[in-house]
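# Geometric and topological summary
Spelled out from the first residue to the last, the chains are:
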Amino acid sequence: MPTTTNDVTGHAGQLVTTDGTAVFHAGDSQQKKFVVIVDAYSTGFYYLLLFRERGYHIIHVRSNLDDEALGYFKGAQAKVEAFMGQAKATEDEKEEFKGTSLAFTRSPSCQRLDIESTDQTASTEELTTDYAEQIVRIVQGADGKLTAVLAGTETGVELAATIGEALKPTIGFENVIANSPAKSATWRDKFQMQKALADAELPHIKSCVTKQWDDVLAFAQAQWQARHIDVVIKPLSSAGSDNVYFCKNETQLKDAFDTIMGASNVLNEKNEAVIIQQCITGIEYMVNTMSLSGKTVFTDIHEIHKRRVQGPDGKETIIYDWERILRSDAPDGSDDARKYATIEGYVPNALKALGIDNGPGHTEVILQPQDDGNYAPVMVESANRPGGSVEPTKILEPTYGQWGSQVHATVAAVDEPHAFLERLSLLDPKTRLSPTPKVGRGNLYAIYLIQGSEETITARQPFRKKLKEFCEELVSQRQQDGSESICRFAGDHLYLKPEGEQAIPRTVDLVNCPGIVYFECGSYDIFQQVLVAFRAREAAFYQGLAVELERSDAVSLRALIASGVETSTLGSPIYGPHGRSSSSDISVESRKSSSAVLPCCRSE
């Protein structure tokens, strides 16, 4: 049977475990607040910092104890261990939080709870029970209070739900904030997501999940014959744009199917099946929310622009190009106001259909422009976790409103749920529940780095320094062109490892994207000029990482615009100007319009 290990070091007023028993030093009179975080990786790492600020004792649970199997999150696990004092924080990690209130220091109130199983036949239920028993022992032994069980990232959503459910029968744990695991499969399984939407009579994407090539081909042929559009094939459960392929014919489809089946996805899970879907064209939005008792607020909505590219294997996939933060204070009747209203009317119902009544929701939605100027929404996927690739402190903070970032809103709701709900109840029901962003100097845009050539060897700190110089040079050149409009480099969010030289591979999906750079611009037109200049010089930047950029070599932005340089030479854009779809075709089916046949199928 599984055994337990606790990595804890005691100090005055801190939890100490001996022989599996949790106690506090004498003199602790106040009830200690506890929170459980499962896989505090990616944006979930900020939970550790924010809960620590509020005086919480944090129990960190890993869903996978095999360090080598962490793969994509291996560096993130090292950062968590540095936070807990189990490893030394690197200078780069310290620099990341310099100048913020969230200093990167060891937390004396954070511990790692591992369930190590030598019994390979131990079931998930047995492991969950052991986790729950240990958590109860720790919290009750400290005369503490457990407030929530949260997933930090994609890999932790199901385990967080099952642990939360296992804890609730314990006296004193009935009000722990968590979601029922009854629908937790819908947060990872993309087919179950779409089926849940269909059952709720909400717009959804026609889908088929299968292990069989014949089923894949039959589904695709039906779509090609009916609509003459691509089909999308991808792993049933993954993240980013891992092995997402657009296929126009049988040859492309078979290559993609063979690539996905049996391989491991970016989360180091074996692909046991594929999901094939009709291709929905439109504007994509990354919607981050916080829900409590079924009531939802929106913290940030990102308008995502992607490009299709041909990978080294010849298959067509997608990469992220750029994005902007959608403002909720757009004037009534404006295009952005219509987009915001459409998302607000659809996403809370989609979250309810998926059983996400509590905690963060990270939802991807496509809006298809309609002839009347409105938009038709459909969910691509959603999960009970914070959105990834979001820097909630230094860069995005000026764009958030009264709720703060998604992780800020989640921590506030967990710590003071009654106050959080009271704030919701005081809002005018005729106005949006969403916050109005703080008025900053301009609008925030992000450019995803695209490495389109052969691999480049670099280290993160020198790369970051030169990237900043490169971006500030673009802004400086724009000012030299005589414009007084707002335009500044706002920062970066890099995916490179903190230490040592590493290869930057050719960018074929979000997983191997080197990172993101942010610009604050006074208008969309100004940003487009920055984007054109950035893409025009990006390849040379990667090729000459060791060469300082000389001002005399700067290319005039106006000259670039006048010459008609494309914003990217790596592939064709999926979306046109201002996010308009380059195709007016859409096929979003609802159960109401097809009551005889559920437009989803599953084949074993």
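Per chain, residues are indexed from 1 in the order of the written sequence. Selection of residues for local features in this predicted model requires a pLDDT of at least 70, selection of side-chain atom pairs for listing and counting requires 80 or more, and totals for whole chains, interfaces and linings are taken over all residues. Processing note: side-chain calculations cover all non-hydrogen atoms of the structure and skip hydrogens and water entirely.

## Quick word on the overall build of the protein chain
The criterion, for reference: Secondary structure elements are taken from DSSP: a helix is a run of H or I of four residues or more, a strand is a run of E of two residues or more, and numbering for both begins at the N terminus. Burial status follows relative accessibility: with a 1.4 Å probe on protein chains alone, a residue under 20% of its type maximum counts as buried, one over 50% as exposed, and anything between as partly exposed.
What the protein chain contains, in helices and strands, is 14 helices and 23 strands. Put simply, the protein chain has 604 residues, and 57% of those count as buried.

## Description of unusual backbone geometry
Leaving glycine aside, a negative phi is the common case for residues, and trans is the common case for peptide bonds. At Asp-39, a residue that is not glycine, the phi angle is positive and equals roughly 60°. By secondary structure assignment, the location of Asp-39 is in the loop between β4 (33-38) and α1 (45-53). Located in the positive-phi region is Asp-143, a residue other than glycine, with phi close to 55°. Here Asp-143 is to be found in the loop between α4 (124-141) and β7 (145-151). On the basis of relative accessibility, which here comes to 56%, the residue Asp-143 falls in the exposed class.

## Re the nonpolar core
Where we set the bar: The criterion is simple. A nonpolar core is a set of buried Ala, Val, Leu, Ile, Met, Phe, Trp, Tyr and Cys residues joined through side-chain atoms within 4.5 Å. Contacts: residue pairs with any heavy atoms within 4.5 Å of one another.
Core analysis: the largest hydrophobic core is formed by 53 residues, its most contacted members being Leu-146, Val-149, Ile-163, Leu-167 and Tyr-346. With 7 residues, helix α9 (residues 335-353) is the single largest residue contributor to this core. Ignoring sequence-local partners within four residues, the contact set of Tyr-346 consists of Leu-197, Leu-202, Pro-203, Val-365, Pro-377, Val-378 and Met-379.

## Some thoughts on the pattern of salt bridges
The condition that has to hold: By definition here, a salt bridge exists when the distance from a side-chain nitrogen of Lys or Arg to a carboxyl oxygen of Asp or Glu is within 4 Å.
Tallied over the entire structure, the rule returns 20 salt bridges. The partner of Asp-335 in a salt bridge is Lys-339, and the shortest N-O contact between them spans 3.3 Å. Placement of both Asp-335 and Lys-339 in helix α9 is noted, with a separation of 4 residues, approximately one turn of the helix. Among the salt bridges present, the one from Arg-464 reaches Asp-492, with a minimum N-O distance of 2.9 Å. In this pair, Arg-464 sits in helix α12 (residues 460-480) while Asp-492 sits in strand β19 (residues 487-494), placing the two residues 28 residues apart along the sequence. Residue Arg-464 is classed as buried on the basis of its relative accessible area, which comes to 16%. Shared partners join several salt bridges into a network, and the residues in it are Glu-303, Arg-324, Asp-335, Asp-336, Arg-338 and Lys-339.

## Notes on the pairing of β7
Just so we agree on the cut-off: Here the rule is simple: two strands pair whenever DSSP picks up at least two bridges between them.
The element β7 is largely enclosed, with a buried count of 6 among its 7 residues. Relative to β7, β4 is paired through 6 bridges, and the arrangement is parallel. Paired with Val-36 across the two strands is Val-149, which belongs to β7.

## Thoughts on the side chain of Asp-415
Heads up, the rule is: Polar contact criterion, stated in full: a pair of N or O atoms within 3.5 Å, where within protein one must be able to donate a hydrogen and the other to accept it, and residues adjacent in sequence count only if both atoms are side-chain atoms.
As for its position among the elements, Asp-415 is in helix α10 (residues 406-415). Here the side chain of Asp-415 touches Lys-33 through a polar contact of 3.1 Å, side chain to side chain. With residues up to four places along the chain from it excluded, the contact list for Asp-415 reads Lys-33, Arg-54 and Tyr-56.

## Describing the packing of aromatic side chains
The cut-off we apply is this: Stacked, edge-to-face and tilted are the three classes for Phe, Tyr and Trp ring pairs, Trp counted by its six-membered ring, which pair at centre distances within 6.5 Å; planes under 30 degrees apart are stacked, over 60 edge-to-face, the rest tilted. Charge-over-ring placement is defined geometrically: NZ (Lys) or CZ (Arg) within 6 Å of the ring centre, and within 35 degrees of the ring normal.
Counted by the stated rule, this structure contains 13 aromatic pairs. Pairing Trp-322 with Tyr-524 gives two aromatic rings, centres 6.0 Å apart and planes at 50°, and the pair type is tilted. Residue Trp-322 is located in strand β14 (residues 316-325), and its partner Tyr-524 is located in helix α13 (residues 524-543); the two are separated by 202 residues in the primary sequence. Three or more aromatic residues link up through ring pairs in this structure, and these residues are Phe-463, Phe-470, Phe-534, Phe-541 and Tyr-542. The residue whose ring lies beneath Lys-254 is Trp-213, and the NZ or CZ to ring-centre distance is 5.6 Å.

## A few points about the environment of Thr-153
Structurally, Thr-153 is set in the loop between β7 and α5 (157-167). Classification of Thr-153 as buried rests on a relative accessible area of 6%. Sequence separation of Thr-153 and Phe-73 is 80 residues, and the distance between their C-alpha atoms is 9.7 Å. Residues in contact with Thr-153, not counting those within four places in the same chain, are Val-38, Asp-39, Tyr-41, Ser-42, Phe-73 and Arg-385.

## A word on the pairing of strand β13 (residues 295-310)
With respect to burial, β13 is a largely interior element, 14 of its 16 residues being buried. By the bridge criterion, 9 bridges tie strand β12 (residues 283-292) to β13 in an arrangement that is antiparallel. The residue bridging Leu-292 from the neighbouring strand is Lys-295, located in β13. Hairpin remark: β12 followed by β13, antiparallel, with 2 residues in the connecting loop; positive phi at Ser-293, about 50°.

## Remarks on helix α8 (residues 250-260)
Cut-off, in case you're wondering: Note that the arc is computed from the directions linking the helix axis to the C-beta atoms.
Along α8, the residues that are buried comprise Leu-253, Ala-256, Phe-257 and Ile-260. Viewed end-on, α8 has its buried residues packed into an arc of 100°, placing them on one side of the element. If you check the start of α8, you find a side-chain oxygen 3.2 Å away from the backbone N of Thr-251, and it comes from Asn-249. Two residues or fewer after α8 comes Gly-262, characterised by a positive phi angle close to 85°.

## Observations regarding the environment of Val-149
Turning to its location among the elements, Val-149 is positioned in strand β7. Here Val-149 falls in the buried class, since its relative accessible area comes to 5%. Those residues within four positions of Val-149 in sequence are excluded, and the remaining contacts are Val-36, Val-38, Ala-160, Ile-163, Gly-164, Leu-167, Val-176, Ile-177 and Ala-178.

## Examining α9
Operational definition: By definition here, a helix of n residues has an expected span of 1.5 Å times n minus one.
The end-to-end C-alpha distance of α9, which contains 19 residues, comes to 28 Å, matching closely the 27 Å that a straight helix rising 1.5 Å per residue would cover. Of the residues flanking the end of α9, it is Gly-355, one or two places downstream, whose phi is positive at about 80°.

## Observations regarding the packing of α1 against α10
Using the following cut-off: Between N-to-C directions, angles span 0 to 180 degrees; the directions come from axes that are lines fitted to C-alpha atoms, helices contributing only their stretch in contact. Orientation labels follow simple angle bins: below 35 degrees gives roughly parallel, above 145 gives roughly antiparallel, 65 to 115 gives roughly perpendicular, and whatever is left gives oblique. We call a crossing left-handed when the near helix sits turned anticlockwise from the far one by less than a right angle, and right-handed when that turn is clockwise. Amino acid classes used here: Ala, Val, Leu, Ile, Met, Phe, Trp, Tyr, Cys and Pro are nonpolar; Asp, Glu, Lys and Arg are charged; the rest, including Gly, are polar.
Here α1 crosses α10 at 45°, and the two axes come no closer than 10 Å. Here α1 is positioned oblique relative to α10, judged by the angle of their axes. Crossing geometry of α1 relative to α10 is assigned as right-handed. Residues Tyr-46, Tyr-47, Leu-50 and Phe-51 of α1 form the contact with α10, whose participating residues are Val-407, His-408, Thr-410, Val-411 and Val-414. Its residues assigned to classes, the contact of α1 with α10 comprises 7 nonpolar, 2 polar and no charged.

## Observations concerning the environment of Leu-49
If you trace the backbone, Leu-49 turns up in helix α1. Since its relative accessible area comes to 0%, Leu-49 is described here as buried. Separated by 34 residues in the primary sequence, Leu-49 and Phe-83 place their C-alpha atoms 8.6 Å from one another.

## Some words on the confidence of the model for the protein chain
Here is the rule: Within a predicted model, pLDDT stands for the predictor's per-residue confidence, ranging from 0 to 100.
Across the protein chain, the average pLDDT comes to 74, with 67% of residues at 70 or higher. Segment residues 99-108: pLDDT under 50, and 30 contacts once partners within four positions in sequence are set aside and those in other chains are kept. pLDDT under 50 marks residues 115-121. Its contacts with residues more than four places away, or in other chains, come to 17 contacts.

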